[in-house]
Amino acid sequence: MAVITTEPTQKDIGLLYETARIATESRAGGNHPFGALLADADGNILMEQYNEVVTGHNDCGHAETMLLMRASKAFDRDFLATCSLYTSIEPCAMCSGALYWANVGRLVYGLTEHRLLEMTGSNPENPTFDLPCRDVLARGQKDIVVVGPVDDADLAQRIGKDHEGFWD
């Protein structure tokens, strides 16, 4: 099986801006600035999720993992295989594993985890992995489409804005 890389569509970029909006709301609510959403094959938003690490007192409360846990309860595996997970930042190893186990067939992300590390530094609240999601997903037995990082300067600036000053 393989990780299949494709280019983003305009709809993908629009939905990534929605993840940035969710991340802004997450930060405003006292959580880490990460956002994720699940969309069907037509790009309709099915679920949104912000990060719950701080207010949920849950170190595993990453936006992607929380969303995928909800989605796996709400939808069957065959349907999820046709859906896309959108996330402002490349999923960590835990979140990539959650995508794999939830059977979501497509992932679209804005910024790399490497770029996140540049923004967070050695902040103990976010000990970033140096393990790209493609490496995690390539070890599995499913074909998964991965789109990202998305090369759009305005989007990158918008996503990065939520992290400015947060990790100081």
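Our subject is the structure listed above.
These lines cover the structure that appears in this document, whether it is placed above or below.

Scoring rules and cut-offs
- Residues numbered from 1 in each chain as written.
- Predicted model: local features only at pLDDT ≥ 70, side-chain atom pairs only at ≥ 80, totals over all residues.
- Heavy atoms only, no water.
- Buried < 20%, exposed > 50% of the residue type's maximum accessible area, 1.4 Å probe, protein only.
- Helix = DSSP H or I, 4+ residues; strand = E, 2+ residues; numbered from the N terminus.
- Arc of directions from axis to C-beta.
- Contact = heavy atoms within 4.5 Å.
- Pairing = 2+ DSSP bridges.
- Axes fitted to C-alpha atoms, helices over the stretch in contact; angles between N-to-C directions.
- Salt bridge = Lys/Arg side-chain N within 4 Å of Asp/Glu carboxyl O.
- Phe/Tyr/Trp six-rings, centres within 6.5 Å; stacked < 30°, edge-to-face > 60°.
- Lys NZ or Arg CZ within 6 Å of the ring centre and 35° of its normal.

1. Topic: helix α5 (residues 113–120)
Here comes step 1: The complete set of buried residues in α5 reads Glu113, Leu116, Met119 and Thr120. Seen from one end, α5 has its buried residues packed into an arc of 105°, which puts them on one side.
Here comes step 2: Tucked into the core, α5 has its buried residues touching β4 (84–89), β5 (106–111) and α7 (153–161).
Here comes step 3: Gly121 sits one or two residues past α5 and shows a positive phi near 65°.

2. Structural notes on the sheet that holds strand β1 (residues 3–5)
Here comes step 1: Within the open sheet, the 6 strands sit side by side as β1-β6-β5-β4-β2-β3. Their pairing is mixed. Looking along the sheet, the strands with just one partner apiece sit at the ends: β1 and β3 (45–50). The sheet shows a mean angle of 20° between the axes of neighbouring strands, direction not considered.
Here comes step 2: In terms of strand pairing, β1 meets strand β6 (residues 144–147) through 3 bridges, oriented parallel. By the bridge assignment, Val3 is partnered in β6 with Ile144.
Here comes step 3: The sheet strands contacting helix α1 (residues 10–28) are β2 (35–39), β3, β4 and β5, and the helix crosses β2 at an angle near 140°.
Here comes step 4: The sheet strands contacting helix α2 (residues 63–74) are β2, β3 and β4, and the helix crosses β3 at an angle near 140°.

3. Considerations on the pattern of salt bridges
Here comes step 1: If you walk through the whole model with that rule in mind, you get 6 salt bridges.
Here comes step 2: As a salt-bridge pair, Arg106 and Asp12 come within 2.6 Å of each other at their nearest N and O atoms. With Arg106 in strand β5 and Asp12 in helix α1, the pair connects residues that are 94 residues apart, well separated along the chain.
Here comes step 3: Residue classification places Arg106 among the buried positions, given a relative accessible area of 18%.
Here comes step 4: Of the charged contacts in the structure, one is a salt bridge between Arg158 and Asp162, with a shortest N-O distance of 3.0 Å.

4. Points about the environment of Arg115
Here comes step 1: Mapped onto the elements, Arg115 comes out in helix α5.
Here comes step 2: In this structure the C-alpha to C-alpha distance between Arg115 and Glu25, which are 90 residues apart in sequence, comes to 21 Å.

5. So, the packing of aromatic side chains
Here comes step 1: Following the criterion strictly, the structure yields 4 aromatic pairs and no others.
Here comes step 2: Ring geometry for Phe75 and Phe79: centres 5.2 Å apart, planes at 40°, overall tilted.
Here comes step 3: Between Tyr100 and Trp101 the ring centres are 5.1 Å apart and the planes differ by 90°, which places this aromatic pair in the edge-to-face class.
Here comes step 4: Among the aromatic residues, those joined into a cluster by ring pairs are Phe34, Phe166 and Trp167.
Here comes step 5: The ring of Tyr100 is capped by Lys142, whose NZ or CZ atom sits 4.3 Å from the centre of that ring.

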